[in-house]
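# Inside the fold
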Amino acid sequence: MNKYQYIRQSAYEANMRLPGLGLVLFTFGNVSAADHNLGVFAIKPSGVPYEELSPRKMVVVDFDGKVVEGSLRPSSDTQTHAVLYRHWEKVGGIAHTHSTYATAWAQSLRDIPLFGTTHADHNTVDIPCAAPMSDEMIRGDYEYQTGFQIMNCLKEKKLDYTEVEMILVGSHAPFTWGKDAAKAVYNSAVLEEIAHTAMLTEQIRFDAPRLKDALIKKHFERKHGPDAYYGQ
Ligand SMILES: [Zn+2]
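Throughout what follows, the structure given in this document is the object of discussion. (Residues numbered from 1 in each chain as written. Predicted model: local features only at pLDDT ≥ 70, side-chain atom pairs only at ≥ 80, totals over all residues. Heavy atoms only, no water.)

### Regarding the packing of aromatic side chains
On inspection of all chains with the given rule, the structure shows seven aromatic pairs. A ring pair is formed by tryptophan 88 and tryptophan 177, whose centres lie 4.7 Å apart and whose planes are at 50 degrees; its orientation type is tilted. A residue pair is termed long-range when its members are at least 10 positions apart, and tryptophan 88 in the loop between helix H2 (78-87) and strand S5 (93-96) and tryptophan 177 in strand S8 (residues 174-178) qualify at 89 residues. You can call tryptophan 88 buried: its relative accessible area is 4%. By way of ring pairs, the aromatic residues Phe41, Phe63 and Tyr85 are connected into one cluster. (Phe/Tyr/Trp six-rings, centres within 6.5 Å; stacked < 30°, edge-to-face > 60°. Helix = DSSP H or I, 4+ residues; strand = E, 2+ residues; numbered from the N terminus. Buried < 20%, exposed > 50% of the residue type's maximum accessible area, 1.4 Å probe, protein only.)

### Brief notes about the packing of H2 against helix H6 (residues 142-156)
Each packed pair of helices is defined by two parameters, the angle between the axes and the distance between the axes. Taken N-terminus to C-terminus, the directions of H2 and H6 make an angle of 45 degrees; their axes are 6 Å apart at the nearest point. What the angle tells us is that H2 and H6 run oblique. The way H2 lies across H6 gives a crossing that is right-handed. Residues Gln79, Thr80, Val83, Leu84, Arg86 and His87 of H2 pack against Glu143, Tyr144, Thr146, Gly147, Phe148, Ile150 and Met151 of H6. (Axes fitted to C-alpha atoms, helices over the stretch in contact; angles between N-to-C directions. Parallel < 35°, antiparallel > 145°, perpendicular 65-115°, else oblique. Left-handed = near helix turned anticlockwise from the far one by under 90°. Contact = heavy atoms within 4.5 Å.)

### Topic: the pairing of strand S3 (residues 59-62)
Where strand S2 (residues 40-43) and S3 come together, four bridges link them in antiparallel fashion. If you follow alanine 42 over to S3, its bridge partner there is valine 60. Note: S3 against strand S4 (residues 67-69), two bridges, orientation antiparallel. Counted as the bridge partner of valine 60 is glutamate 69 from S4. The turn joining S3 and S4, which pair antiparallel and follow one another in sequence, is formed by four residues; a positive phi near 85 degrees is taken by glycine 65. (Pairing = 2+ DSSP bridges.)

Quick look at the structure:
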């Protein structure tokens, strides 16, 4: 069996979930699955419609973004994935979509406020929105710099990538990640739901209150405390 079969298969399955979850249009979006022991990841090829994808069409690239195996061109966002895998050894999957509500928040350059317990079950902080990139970063290696924009934002906000598995890139769209590609896609769907309900919350009440500290603490502890029991 090809040593990349496992990541090809998981990248394929994760990508194929995006249209069904309503997170992508046409060929938008991409998911990758990494194998840190082999120092490679499998990612969706560029410009191929979802219905034409197969595990064999996934492109295997190294953490410098160079193609290791595959005849198609890897996703145009490959360098962003590569930079993140190179720095984040505990991440096994990354997803990028332009899902409607998360993208609307990214275009508004706003963090998504922590309004309720659905949000708190996944993150006990606001969903961070990285500032749009500087002109210098944009003119340079744009996709490569997007990876640094994501890492710099987490660093500035003192957030750990193992705790917060989703971010908005200002003026662009969301990126999510997780222990594997399936978890990265799950996080994309969760983020879209959080973004949607937060927008509706502000429409219903423009000065809606943030979640009470006691509830934030409760949700953090039920996920991370010594007596963690969250699992739904
Ligand atoms: Zn994009």
